[in-house]
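# Descriptive analysis of the structure
Chain by chain, the residues run as shown.
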Amino acid sequence: MGKHVVVGVDDDFRVRESIVRLAESAGYAPLVFPSAEALLESGDLREAACVITDVRMPGMDGLELHRRIRTIDPALPVILISAHVDDEVRRRALNEGAADFLYKPFDGEELLRSINRAIENTPRS
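This write-up is about the structure you can find in this document. (Residues numbered from 1 in each chain as written. Predicted model: local features only at pLDDT ≥ 70, side-chain atom pairs only at ≥ 80, totals over all residues. Heavy atoms only, no water.)

This part takes up the overall build of the chain. The helix and strand inventory of the chain stands at 5 helices and 5 strands. Counting from the amino terminus, the chain carries its helices and strands in the arrangement β-α-β-α-β-α-β-α-β-α. In terms of overall dimensions, the chain is globule-like: its C-alpha atoms have a radius of gyration of 13 Å, near the 14 Å expected for 125 residues. Considering the chain as a whole, with its 125 residues, one finds that 42% of them fall into the buried category. Sequence separation of at least 24 residues holds for 62% of the intrachain contacts in the chain that already meet a minimum separation of 6. Summed over all atoms, the accessible surface of the chain reaches about 6600 Å², with 49% contributed by carbon and sulfur. Each charge class in the chain can be summarised by its mean position, and for the 16 positive and 22 negative side chains these summaries are 2 Å apart. (Helix = DSSP H or I, 4+ residues; strand = E, 2+ residues; numbered from the N terminus. Rg over C-alpha atoms; globule rule 2.2 N^0.38 Å. Buried < 20%, exposed > 50% of the residue type's maximum accessible area, 1.4 Å probe, protein only. Contact = heavy atoms within 4.5 Å. Areas by Shrake-Rupley, 256 points an atom, 1.4 Å probe, with all protein chains shown as cover. Lys, Arg positive; Asp, Glu negative; His and termini not counted. Charge placed at Lys NZ, Arg CZ, Asp CG, Glu CD.)

Once that is clear, we can look at the nonpolar core. Proteins that are soluble and globular tend to have nonpolar side chains buried together. Counting 22 residues, the largest nonpolar core has V7, V9, L39, V51, L65, I69 and L80 as its most contacted members. When near neighbours in sequence (up to four residues on either side) are disregarded, I69 contacts L45, V51, P74, L76 and V78. A49, I81, L112 and I115 belong to the second-largest nonpolar core, a separate cluster that totals 17 residues. (Core = buried A, V, L, I, M, F, W, Y, C linked by side-chain atoms within 4.5 Å.)

Bringing the side chain of T53 into the picture now. Its location among the elements puts T53 in strand β3 (residues 48–54). Residue classification places T53 among the buried residues on the basis of a relative accessible area of 0%. Sequence-distant contacts of T53, that is, excluding residues within four places in its chain, are made with V9, G62, L65, V78, I79, L80 and I81.

Another aspect to go through is the sheet that holds β3. With parallel pairing, the 5 strands of this open sheet are ordered in space as β2-β1-β3-β4-β5. What marks the edges here is a single partner per strand, and that holds for β2 (29–33) and β5 (100–103). Strand-to-strand twist in this sheet, taken as the mean axis angle between neighbours without regard to direction, amounts to 20°. (Pairing = 2+ DSSP bridges. Axes fitted to C-alpha atoms, helices over the stretch in contact; angles between N-to-C directions.)

With that out of the way, let us pick up the environment of I72. Tracing the backbone through its elements, the reader meets I72 in helix α3 (residues 62–72). Residues I72 and F13 lie 59 residues apart in sequence; the distance between their C-alpha atoms is 26 Å. Leaving out residues up to four positions away in the same chain, I72 has contacts with L40 and L45.

On to the packing of aromatic side chains, then. Aromatic ring pairs: the centre-centre distance and the angle between the two ring planes describe each pair. All told, the structure shown has 1 aromatic pair when counted by the stated rule. Arranged with centres 5.4 Å apart and planes meeting at 70°, the rings of F101 and Y103 form a pair that is edge-to-face. (Phe/Tyr/Trp six-rings, centres within 6.5 Å; stacked < 30°, edge-to-face > 60°.)

With that settled, the discussion passes to unusual backbone geometry. Along the chain, K104 connects to P105 via a cis peptide bond; the corresponding omega equals -5°. The topology assignment puts P105 in the loop between β5 and α5 (108–120).

Here is the structure:
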């Protein structure tokens, strides 16, 4: 089996680049997208071991992306990230099955722990 693919979705180029660097440093294969629509249209979702997505993005937001991923692959872990502190949104996302929810700015090690935990705790066929 090859490297686990970690998918990042964020409209901020700097966040996407950070996800790439972090994933590569941990031995994962990163794929990043500027929008939820770009990910869904790519066909790359089936390769993913984990998805990291911003909550607030133009077009489809991260919560809706999470819902769509759950209909496509209910076992695929999704980590939501947000610069806007909103405990109600966080609670709702976790209740709807998000693997984790982190507020920006977060430490790279914190995100890496979340990615590792999500991948390790997900049974894949």
